[in-house]
Amino acid sequence: MLTILFDGVAYGMLLFVLAIGLCVTLGLMNFINLAHGAFAMAGGYLTIVMMNRYGVSFYWSLPAAFVFSAILGAVLEHTLYVHLYTKSHLDQVLFSIGLVFMATAIVDYFMGANQQTINLPSSLEGRVDFLGASIGVYRIFTIVLCGLLTIGLQFVLSKTRFGSRLRAAVDDGRVARGMGIDVTKIFALTFAVGSGLAGLGGALSTGIISMDPTFPLKYMIYFLIVISVGGATTITGPFFASLLLGVADVAGKYYMPAVGGFIIYTIMVAVLILRPQGLFTRASR
Amino acid sequence: MSMAPHSKLDGEAGARLLAKAQWRWYEVLFWLAAISLYFVFGDFIPGIPTKLMLLSEIVSLGLLALSIDLVLGYAGIVTLGQGAFFGLGAYVAGVMAKAGMGVFPLSDPLLGLLAAAAVCGIAGFLTSFLVLRGSDLTRLMVTLGVALILAELANQMRWLTGGADGLQGVTSSPILGQWDFDLWGRTAYLYSLAVLFVCFWLSRRIVHSTFGLSLKAIKGNALRARAIGVPVNARLIAIYALAAAIAGVAGALLAQTTQSASPDMIAFHRSADALLILVFGGAGYLYGGLIGAVLFRVMQDVIGAFTLQYWQFWLGLVLVLLVLFVRGGVIGLLEGWWNRMTRTGDAP
């Protein structure tokens, strides 16, 4: 029981790190980027390549995945995405689905279609007993790391100058622009950091869920659920939504494997109907 | 909730509507070409391999794209879940035909189509209320969510749908008791084409009616449309349910002509492919989906011949380029050329 709760929380934390970039870019630019998972996949595969082919330590692979995905995100934002902010949502959806298809095929070409995993360093393997439940060390590592990241993000958002500019831009981009805030630059930076976080999340996921080229499509729906349940205006909303989703998914698959798949979709549709703005947002803004 | 269009429209507006509803020469040409494919690829000419099964599949895909065109191209609803109705229709027709063991009442293909249309129309009506709310993103996710739930249902209800293996051996009785489905797909193609034409004709009537005009108004600006007295929600519900029924017919067609129904027919990529087909061909012309379906499958065959595995890459590339550089898909391109050709010399 406690093990499942712990696994669910770890999974939820991971989802949060994976999805938070998408939440911010969606809230900031009203831009639907279904290709967000592709950046996570880039980070995940970079980790696999670094560890399995070049024997780099796992601990070095994580920041590398962050930097790699962030640069990738920045480059794509500057060259491609920037043309799409003014286009319709349909165009954005099609464009990003096109990117997902391309990313899937590229990874398939270079890495093969089979699932790939990494061997965790011995310090992260094994389990410990905690209040009578046995919990994987890697789960604890994930929770701690993602927890620290969340606290860091929250700090940056609420306490720094950049954070207040970002919040202003999310709340009302036009007025923020009028106040002399360079929303475009903020957006580019946020996009890069969000992609980087997705890459880091992807790298972390290689230890829990294996990587294969369909990763972006498979997890796209999870990201969308996080956003629809959590709302795209804060980071606490998506955070709790991710935890809820992680626990519900793990518990659902464990206790009711037959209907496990329905639960999360049904929750999403129900939330969208009852609270179109998200479960954890103020009713109106 | 009345969806009956005001039948009388006098004066200039009515005349314009009538003029737009006229069949053009290139439309007649299009349908003649579609029929002529039957003779070219129907194993009548020695040396040309029969491709009628592929063509029937294209027809079914085109019909699915046409149903999306009604929702997206005319009413402006972004949907990623039209595959749900396609799959539902396929399963309805498949289960019925299988239960009927290939004899008349249950296995009759036309009754199968009607049943699929009815079930999907009702499903569309019920889910349309979810789609009315919220922004593009909400609609996208709700339609996607409904499609995923249905796909999961099809996967789990093994006793009815055959689970992951799908339904095999869906045999239909002869069409109208006369024409049996043959090995070469001759009956299948003509049958599909006839069904496509009926659905197309219906859609064409609808978009050229005052009802269709009001949809365009809603797409342009829902707020203003409401202000001039268009019952926005009722219109959206009506078109969404109708498009769902047409998508169901498309799915039923595929199930009947391939004699099987599988979870693949209801999967996410079905919805995505159909959306791509429509955008590739050009949304808002009715023909976009049909032309897109032909190009899509031909492209898939040609590219797939040398890189079967990586054709997704080229598909993605085409999509990205399309969004960045081309408005209105293939038909939009042709229209642009046509306009430039005919307007040479004129001052703009």
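What counts and how
- Residues numbered from 1 in each chain as written.
- Chains lettered and ligands numbered in written order.
- Predicted model: local features only at pLDDT ≥ 70, side-chain atom pairs only at ≥ 80, totals over all residues.
- Helix = DSSP H or I, 4+ residues; strand = E, 2+ residues; numbered from the N terminus.
- Expected span 1.5 Å × (residues − 1).
- Bend = angle between axes of the 7 residues up to and from the residue.
- Buried ≥ 20, exposed ≤ 12 C-beta atoms within 10 Å, placed from the backbone.
- Axes fitted to C-alpha atoms, helices over the stretch in contact; angles between N-to-C directions.
- Parallel < 35°, antiparallel > 145°, perpendicular 65-115°, else oblique.
- Left-handed = near helix turned anticlockwise from the far one by under 90°.
- Contact = placed C-beta atoms within 7 Å.
- Nonpolar A, V, L, I, M, F, W, Y, C, P; charged D, E, K, R; others polar.
- pLDDT = per-residue confidence, 0-100.

Novice: Tell me about helix α3 (residues 52-74) of chain B, and please be specific about residues and values.
Specialist: Residues and elements named next belong to chain B. The terminal C-alpha atoms of α3 lie 31 Å apart, and with 23 residues this matches the ideal 33 Å at 1.5 Å per residue to within 8%. The sharpest bend along α3 reaches about 30° and sits at Ile 68. Within α3, 21 of the 23 residues are buried, which leaves the element mostly enclosed by the surrounding structure.

Novice: Before we move on, could you go through the packing of helix α4 (residues 82-99) of chain B against helix α7 (residues 136-156) of chain B and cite the residues and values that matter?
Specialist: Residues and elements named next belong to chain B. Where α4 meets α7, the axes come as close as 8 Å, and the angle between the chain directions of the two elements is 30°. The orientation of α4 with respect to α7, classified from their angle, is roughly parallel. Our pair here, α4 against α7, has a crossing hand that is left-handed. Of the residues in α7, those in contact with Gly 83, Ala 84, Gly 87, Leu 88 and Tyr 91 of α4 are Val 146, Ala 147, Leu 150, Ala 151 and Ala 154. Of the residues that constitute the contact of α4 with α7, the class distribution is eight nonpolar, two polar and no charged.

Novice: Explain the confidence of the model for chain B to me, and be specific about the residues and the numbers.
Specialist: Residue and element names in this part refer to chain B. Considering every residue of chain B, the mean pLDDT works out to 83; 94% of them sit at 70 or more. Of all secondary-structure elements in chain B, the lowest mean pLDDT belongs to helix α5 (residues 104-107), at 75, while helix α12 (residues 232-258) reaches the highest, 92. Confidence over residues 1-7 falls short of pLDDT 50; this stretch has eight contacts with residues more than four positions distant or in other chains. Confidence metrics for the complex model read pTM 0.84 and ipTM 0.78.

Novice: Which residues make up the interface of chain A and chain B, and what are the values?
Specialist: Size of an interface, as often reported, equals the accessible area lost when the parts are brought together. The interface is formed by 31 residues belonging to chain A together with 30 residues belonging to chain B. Elements with a minimum of two residues in the side of chain A that touches chain B: α4 (89-111), α9 (215-230) and α11 (260-274) of chain A. In terms of residue count, α4(A) provides more of the side of chain A that touches chain B than any other element does, 16 residues in total.

Novice: Describe helix α15 (residues 311-325) of chain B, and please don't skip the residues or the numbers.
Specialist: End to end, α15(B) covers 21 Å across 15 residues, agreeing with the expected 21 Å (1.5 Å per residue, within 8%). All buried positions along α15(B) are accounted for by B:Gln312, B:Phe313, B:Leu315, B:Gly316, B:Leu319, B:Leu322 and B:Val323. The secondary structure elements touched by the buried residues of α15(B) are α4 of chain A together with α13 (268-281) and α16 (329-342) of chain B.

Novice: I'd like to hear about unusual backbone geometry, residue by residue, with values.
Specialist: All names here are of chain B. Backbone geometry places Gln 259, a non-glycine residue, at a positive phi of 55°. On the secondary structure map, Gln 259 appears in the loop between α12 and α13. Classification of Gln 259 by C-beta neighbours within 10 Å gives partly exposed; the count is 17. In this model, Leu 286 sits at a positive phi of 70°, which is unusual for a non-glycine residue. Relative to the helices and strands, Leu 286 resides in the loop between α13 and α14 (287-306). Leu 286 gets classed as buried once you count the C-beta atoms within 10 Å, which come to 23.

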